[in-house]
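Descriptive analysis of the structure
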Amino acid sequence: MAKEVTYVMIKPDGVKQKLFSKICKVFLENDLDVIEIQNEIVLKKDIVREHYSHLLNESFYPDLESFMLSGPVIPMIVYGEDAVSKVRALIGPTNVKKAREESPNSIRALYGNPDFGPANVIHASDSRENALIEIKRFFNKELQRSKEVLTSSSIIPLSLNCAI
Ligand code: DAT
Ligand code: MG
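Since the model is a prediction, treat every value here as computed from it, not as a measurement.

1. Let's talk about the pairing of strand E1 (residues 3-10)
Counting buried residues in E1 gives seven out of eight residues, a clear majority hidden from the surface. Two strands pair when backbone bridges link them, and E1 and strand E3 (residues 74-81) are joined in this way by eight bridges, in the antiparallel orientation. Note on E3: the bridge partner recorded for Lys3 is Glu81. Sheet topology note: the E1/strand E4 (residues 122-124) ladder contains three bridges and is antiparallel.

Here it is, written out as structure tokens:
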């Protein structure tokens, strides 16, 4: 399996719960590298609409949008073997109740709110193609491969950073 990048974003409820280090640790312990992290940022409405354009007609979209605008998020790029599906498995199902039943150790099961659909702590790309689109959307750069990947020695400070 080839190494690939995926886009991950800690949502406002994850930032409020200060989950950054715990989430980094989950990735690092599963042989994935966190290769880029953006400072906490409050998203603009337009980028949320673009990111969730497949859901604009859903009845829950207004709740999703206001939730995503309710506080800062942390955009990240994760890299490794089979990163897209591996990260999706580690975060667990979209629905937190389902996550608790089917994947109780997943990030969404452990930290998501089962009573409010949008509050599932974390986003991760669902395909390789979308990963590249989303990285471009949130980091404003094209990343075909691992051109910007940190060397293994520079991953050490990043891991320490995660432990803070
Ligand atoms: P995922 O985030 O697992 O890729 P998605 O792209 O279908 O799932 O939906 C984006 C987000 O929208 C999801 O993380 C939480 C929210 N959401 C999805 N389905 C929902 C629903 N039925 N009710 C409330 N919020 C929902
Ligand atoms: Mg999705």
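Next, the rest of the story.
2. Thoughts on helix H4 (residues 61-68)
Listing the buried residues of H4 in full gives Tyr61, Leu64, Glu65, Phe67 and Met68. Projected onto a plane normal to the axis of H4, the buried residues spread over an arc of 165° and lie on a single side. Where H4 is buried, its residues meet E1, helix H1 (12-16) and helix H3 (45-51).

3. Looking at the site of ligand 1
Lining the immediate environment of ligand 1, one finds Lys11, Tyr52, His54, Leu55, Phe60, Leu64, Arg88, Thr94, Arg108, Gly117, Pro118 and Asn120. Here Arg88 contributes a side-chain N or O atom positioned 2.9 Å from an oxygen atom of ligand 1. Here an oxygen atom of ligand 1 sits 2.9 Å away from a polar atom, N or O, in the side chain of Asn120. Relative to its unbound accessible area of 520 Å², ligand 1 is 75% covered by the protein chains. Considered class by class, the residues forming the shell around ligand 1 number five nonpolar, four polar and three charged.

4. What to know about the environment of Phe20
Looking at the element boundaries, Phe20 is found in helix H2 (residues 20-29). You can call Phe20 buried: its relative accessible area is 18%. Along the chain, Phe20 and Ile10 lie 10 residues apart, while their C-alpha atoms are 7.4 Å from each other.

5. Considerations on the packing of aromatic side chains
Counted by the stated rule, this structure contains three aromatic pairs. Seen from their ring centres, Tyr7 and Phe139 are 6.3 Å apart, and the 80° between their planes marks the pair as edge-to-face. With Tyr7 in strand E1 and Phe139 in helix H8 (residues 128-139), the pair connects residues that are 132 residues apart, well separated along the chain. Accessibility assignment for this pair places Tyr7 and Phe139 in one class, buried. In this structure an aromatic cluster arises from ring pairing among Tyr7, Phe138 and Phe139.

6. Some words on H8
Counted at 1.5 Å a residue, the expected span for H8 with its 12 residues is 16 Å, and the 16 Å between its end C-alpha atoms agrees. Directly beyond the C-terminal end of H8, a positive phi value near 55° is found at Asn140.

Rules and cut-offs
Residues numbered from 1 in each chain as written. Chains lettered and ligands numbered in written order. Predicted model: local features only at pLDDT ≥ 70, side-chain atom pairs only at ≥ 80, totals over all residues. Heavy atoms only, no water. Buried < 20%, exposed > 50% of the residue type's maximum accessible area, 1.4 Å probe, protein only. Helix = DSSP H or I, 4+ residues; strand = E, 2+ residues; numbered from the N terminus. Pairing = 2+ DSSP bridges. Arc of directions from axis to C-beta. Contact = heavy atoms within 4.5 Å. Near = heavy atom within 4 Å. Polar contact = N/O pair within 3.5 Å; in protein donor to acceptor, adjacent residues only side chain to side chain. Areas by Shrake-Rupley, 256 points an atom, 1.4 Å probe, with all protein chains shown as cover. Nonpolar A, V, L, I, M, F, W, Y, C, P; charged D, E, K, R; others polar. Phe/Tyr/Trp six-rings, centres within 6.5 Å; stacked < 30°, edge-to-face > 60°. Expected span 1.5 Å × (residues − 1).

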